[in-house]
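Understanding the architecture of this molecule
Below are the chains, spelled out letter by letter.
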Amino acid sequence: IITWWHLIFGLLQEDVETGTHLDPSLKEVNYNPTYETMFAPEFGPVNPFKSQQMAAPRNMLSGYAEPAHVNDFMFEQQRRTFSTFGYALDPSVDTTQVSSSSYIGAVEEAEKNKGLTVFEAGPKKAEKRKKVKGGDASEIDSFLGPWAKYQDEKGVAKPSEDEQKELDDIIAKRQKKGRNEDESPAEEKTILHVKDAYDYQGRSYLHIPQDVGINLRSADIPEKCYLPKKQLHVWTGHTKGVSAIRLFPASGHLLLSCSMDCKIKLWEVYNDRRCLRTFIGHSKAVRDICFNNSGTQFLSAAYDRYLKLWDSETGQCISRFTNRKVPYCVKFNPDEDKQNLFVAGMSDKKIVQWDIRSGEVVQEYDRHLGAVNTITFVDENRRFVSTSDDKSLRVWEWDIPVDFKYIAEPSMHSMPAVTLSPNGKWLACQSMDNQILIFGAQNRFRLNKKKIFKGHMVAGYACQVDFSPDMSYVVSGDADGKLNIWDWKTTKLYHRIKAHDKVCISALWHPHETSKVITCGWDGQIKLWD
């Protein structure tokens, strides 16, 4: 009986698998399994929905990656070879049995280069130039040694006929080019865009209008200014970017603009806001313009190296000045008794002073270490302030060619646009580190640390700053074409208007208006905001 029971028990034991089974997806096991357990076949029904790829054994998402042991140098060598030539050794092939099939990537290239790696495929050494054999060292006269000539060396460097022709062409071209620069300045023309230059009383457009709703002749400023909100008008006519705009002195009823299309235009600010006159006479972009005190004449400075004096009314060019350098800025002396003198900041680091009557240079202020960007008269026009690419600010007494004050801090950036406040106490300087710095303009020329206006992007552009006439706001364009308005007291950025598509290079607040601002940009447009 016992044996029978044992028999049955033995059969049952055989049928029912004993021992523990390991889940094949397990990553770690808490005990030491036997070899049999580790490599036992997997149990359970087959999943009918798995594709062949899914059912295959894998240790990563895309399949089964075999560990390949490659030392760092070999790995780097193959990686570089692959990135340079497009082929590399297949890491799964044993390196002792390398054949053409053991490359991956550009196999044809590998066969062509015989499987050279980056480190082996060195450039072939160029053949050495042969020297003339130099005889025997014992014969002093005929021995050449290391001083022997090369066999293919030419003794005379005379150009062949073709080369000579080419050289002559180049020389002729150069001479012609030089002559071009010396030629007389571009011919001056002017176009009047309105039907009559004079009205029924014989007054020209320089006459200040009295029918515009405000008194443009009065000297008093508006009591309170407001933020401009909307666009009132666009003056179009320039075909390239506008580089500077200036309002007619005192009244502000006319606007003068100069542009990179080499033209200067005069516009009405009131009534029909027409283009009155175009002044053509520069052969390159016009950089700066400046009215005299009465507005009857103005100066223009352009990249053709000429400064020209124009008549605002007739459009005639009265005289031309040049010292063969590019003028970057130009200013009349604002004193009534010195209206025949003007100064220009030059690309050769000098400030040059001309006399209109004689056409001669009468003074040179030569202390800056970089091209001069701005000139601003301060302190009842007895002095002027200049800024330059040398990141400094210098203050000069009129007609004394030595700066009596030199301001340069290591933290300062260059300041290519400077404006004097309406009350004459402050200088607003557009600094290239995206802020407007305020310097006292009376005696000490100290930086006012409490008043720094920032929040706009101007790096690289000389965006002109301006004040509202009551000194309550500061306005400036920026590199994104926006018009920025800050509160003077708190230095808070109050308002931003998208004014132009490209850089908004200048913003002027009309001196008689509570909220009229004129902007110009490198999109060639001039806009009036209110």
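Under an unreviewed UniProt entry, the name given to the protein is Pre-mRNA-processing factor 17, and the source organism is Pygocentrus nattereri.

Before going further, it helps to spend a moment on the UniProt feature "repeat: WD" (unreviewed entry) in the protein. Under the local residue numbering, the UniProt record ascribes the feature "repeat: WD" (unreviewed entry) to residues 235-269, 279-320, 365-397, 465-496 and 497-530. Secondary structure over residues 235-269 splits into 0% helix and 54% strand, and the C-alpha atoms at its two ends are 10 Å apart. For residues 279-320, helix accounts for 0% and strand for 55%, while the C-alpha atoms at its two ends are 14 Å apart.

Trp235, Ile245, Leu255, Ile518 and Ile526 are the most contacted members of the largest nonpolar core, which totals 20 residues. Secondary structure elements with two or more residues in this core: strand E5 (242-247), strand E29 (504-509), strand E30 (517-521) and strand E31 (526-529). Per-element tally for this core: the top contributor is E5, with 3 residues. Residues contacting Ile518, with those up to four places away along its chain left out, are Trp235, Ile245, Leu247, Leu255, Ser506, Ala507, Leu508, Ile526, Lys527 and Leu528. Residues Tyr205, Phe248, Phe291 and Trp310 belong to the second largest nonpolar core, which totals 19 residues.

Moving on: the pairing of strand E7 (residues 263-268). Counting buried positions along E7 yields 5 of 6 residues, so the element is predominantly enclosed. As paired strands, strand E6 (residues 254-259) and E7 are joined by 5 bridges and run antiparallel to one another. By the bridge assignment, Leu254 is partnered in E7 with Glu268. Across 5 bridges, the pairing between E7 and strand E8 (residues 275-280) is antiparallel. Among the inter-strand pairings, Lys263 is bridged to a residue of E8, identified as Ile280. Here E7 hands over to E8 after 6 residues, with Asn271 in that stretch at a positive phi of 55°.

All right, on to the state of the cysteines then. Tallied over the full model, the rule gives 0 disulfides. The thiol of Cys225 is not disulfide-bonded; the next cysteine sulfur, from Cys504, is found 19 Å away. Judged by relative accessible area, Cys225 falls into the buried class, the value being 1%. Cys504 supplies the cysteine sulfur nearest to Cys520, a cysteine that is in no disulfide, at a spacing of 6.7 Å.

Thresholds applied
Residues numbered from 1 in each chain as written. Predicted model: local features only at pLDDT ≥ 70, side-chain atom pairs only at ≥ 80, totals over all residues. Heavy atoms only, no water. UniProt positions renumbered as here; feature names shortened; annotations may be inferred. Helix = DSSP H or I, 4+ residues; strand = E, 2+ residues; numbered from the N terminus. Core = buried A, V, L, I, M, F, W, Y, C linked by side-chain atoms within 4.5 Å. Buried < 20%, exposed > 50% of the residue type's maximum accessible area, 1.4 Å probe, protein only. Contact = heavy atoms within 4.5 Å. Pairing = 2+ DSSP bridges. Disulfide = S-S within 2.5 Å.

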